[in-house]
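# Inside the fold
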Amino acid sequence: NASDRFGTVDPGGLAQVRALAGAMIHQSDNTATEVLLDLVGREAVEQVQARMGMVRPEQNIPFLSLAEWARLKFGRPPSADEYAALPDVAARRRFIDERVANRSAGPRETTTPARPIHIDTVEWFASPEDICRAHVALQEMARRPGLEPLRSILRTTFTWLKPTADYIGFKGGSEPGVYDLTFYIERGGKRYAVVMLLSNPERHFRASPAIVRDAYRLLTASKAR
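What counts and how
Residues numbered from 1 in each chain as written. Predicted model: local features only at pLDDT ≥ 70, side-chain atom pairs only at ≥ 80, totals over all residues. Heavy atoms only, no water. Helix = DSSP H or I, 4+ residues; strand = E, 2+ residues; numbered from the N terminus. Buried < 20%, exposed > 50% of the residue type's maximum accessible area, 1.4 Å probe, protein only. Contact = heavy atoms within 4.5 Å. Axes fitted to C-alpha atoms, helices over the stretch in contact; angles between N-to-C directions. Parallel < 35°, antiparallel > 145°, perpendicular 65-115°, else oblique. Arc of directions from axis to C-beta. Pairing = 2+ DSSP bridges. pLDDT = per-residue confidence, 0-100. Salt bridge = Lys/Arg side-chain N within 4 Å of Asp/Glu carboxyl O. Phe/Tyr/Trp six-rings, centres within 6.5 Å; stacked < 30°, edge-to-face > 60°. Lys NZ or Arg CZ within 6 Å of the ring centre and 35° of its normal.

Before going further, it helps to examine the side chain of E175. The topology assignment puts E175 in strand 1 (residues 167–175). A relative accessible area of 9% places E175 in the buried class. With residues up to four places along the chain from it excluded, the contact list for E175 reads W69, K73, I119, E123 and H204.

In this section: the packing of helix 5 (residues 66–74) against helix 7 (residues 89–100). The axes of two packed helices give the description: the angle between them and the distance between them. Taken N-terminus to C-terminus, the directions of helix 5 and helix 7 make an angle of 80 degrees; their axes are 11 Å apart at the nearest point. In terms of orientation, helix 5 and helix 7 fall into the roughly perpendicular class. Contacts from E68, R71 and L72 of helix 5 reach helix 7 at F95, I96 and V100.

A word on helix 7. Taken together, the buried positions of helix 7 are occupied by A91, R92, F95, I96 and V100. End-on view of helix 7: buried residues confined to an arc of 140 degrees, all on one side of the axis.

This part covers the sheet that holds strand 1. Ordered in space as 1-2-3, the three strands form an open sheet in which the pairing is antiparallel. Only two strands of the sheet have a single partner each, and these edge strands are strand 1 and strand 3 (190–199). Geometrically, the sheet is characterised by an average inter-axis angle of 5 degrees between neighbouring strands, direction not taken into account. Taken together, the nine bridges between strand 1 and strand 2 (residues 178–187) define a ladder with antiparallel strand orientation. Note that in strand 2 the partner of Y167 across the bridge is E186.

Here the focus is the confidence of the model for the protein. With 82% of its residues at a pLDDT of 70 or more, the protein shows a mean pLDDT of 83. For residues 1–11, every residue scores under 50 in pLDDT, and the model assigns this stretch 14 contacts once sequence neighbours within four places are set aside.

Below, the discussion takes up the pattern of salt bridges. One pass over the full model with this rule turns up ten salt bridges. The shortest N-O distance in the salt bridge between R56 and E58 comes to 3.4 Å. Among the residues examined, R56 registers a relative accessible area of 46% and is labelled partly exposed. Classification of E58 as partly exposed rests on a relative accessible area of 43%. Between K73 and E123 there is a salt bridge whose closest N-O contact spans 2.9 Å.

Counting across every chain of the model gives five aromatic pairs. Three or more aromatic residues joined by ring pairs form one cluster here, namely W69, F74 and W124. Directly above the ring of Y83 sits R92, whose terminal nitrogen or CZ lies 4.6 Å from the centroid. Against the face of Y167 rests R151, its NZ or CZ located 3.8 Å from the ring centre.

This brings us to the environment of S65. Along the chain, S65 turns up in the loop between helix 4 (42–51) and helix 5. S65 gets classed as buried once you look at its relative accessible area, which sits at 9%. Those residues in contact with S65 that lie beyond four places of it in its chain are E34, L37, R42 and W124.

Mapped onto the elements, I168 comes out in strand 1. Take I168: its relative accessible area is 4%, and that puts it in the buried class. On a C-alpha basis, the gap between I168 and F183 in space is 6.6 Å, while along the polypeptide they are 15 residues apart.

Here the focus is the side chain of E46. Counting through the fold element by element, E46 comes out in helix 4. Since its relative accessible area comes to 8%, E46 is described here as buried. The residues touching E46, leaving out its near neighbours within four places in the chain, are N60, I61, P62, F63 and R93.

What follows is about unusual backbone geometry. With omega at 0 degrees, the peptide bond leading from I61 into P62 counts as cis. Tracing the backbone shows P62 in the loop between helix 4 and helix 5. Phi at S28 is positive, roughly 50 degrees, even though this residue is not glycine. As for its position among the elements, S28 is in the loop between helix 2 (11–26) and helix 3 (30–40). Using a relative accessible area of 38% as the deciding quantity, one classes S28 as partly exposed. One non-glycine residue with positive phi stands out, namely H118, at about 50 degrees. In this structure, H118 sits in the loop between helix 7 and helix 8 (128–141).

Here it is in structure tokens:
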């Protein structure tokens, strides 16, 4: 698993892994994500989904790298239509290996369209409940020797939430037609999750983080909780 692979890295390498993970979480650094995925391995990521309690992990198999995802959707020519029509996982793996993974990016493969592309088929999928379980699983992993830095890596930098909670973990992301913000919250000995997942296959949109702030305030306002 990921911790086993990280354990083979020298101390300086572990510091680099921690820096990459922090960049992936807080800056949505796609290059950092690619490096970590390559280090851990596609199959390990596919397997850990079920261990984290994801109900339908098969939706993300094969687990696309960011480069593969981008070439499928935004490459010249794009091949998302062809990929989405493939009948099974084996066919998709072959398509990635033969048609996508080793393809060189051309000079025109730099512009992300403003319209949504295959957000219901060529994507990474999770339900709000899956996200909640993943947050809890990561916090449990942080209890294991050597994985304690997970707590600080996942800790949010959003100052507008800090005064009202003991600890807040965060991950979000977006693309044309997709927007999500998720929070894991520890407050007064209890744990909460706020998950916002929005999509529109017809057009791009912008969502305000104030939606999450208001949801969190409603969640924690009741003294009965």
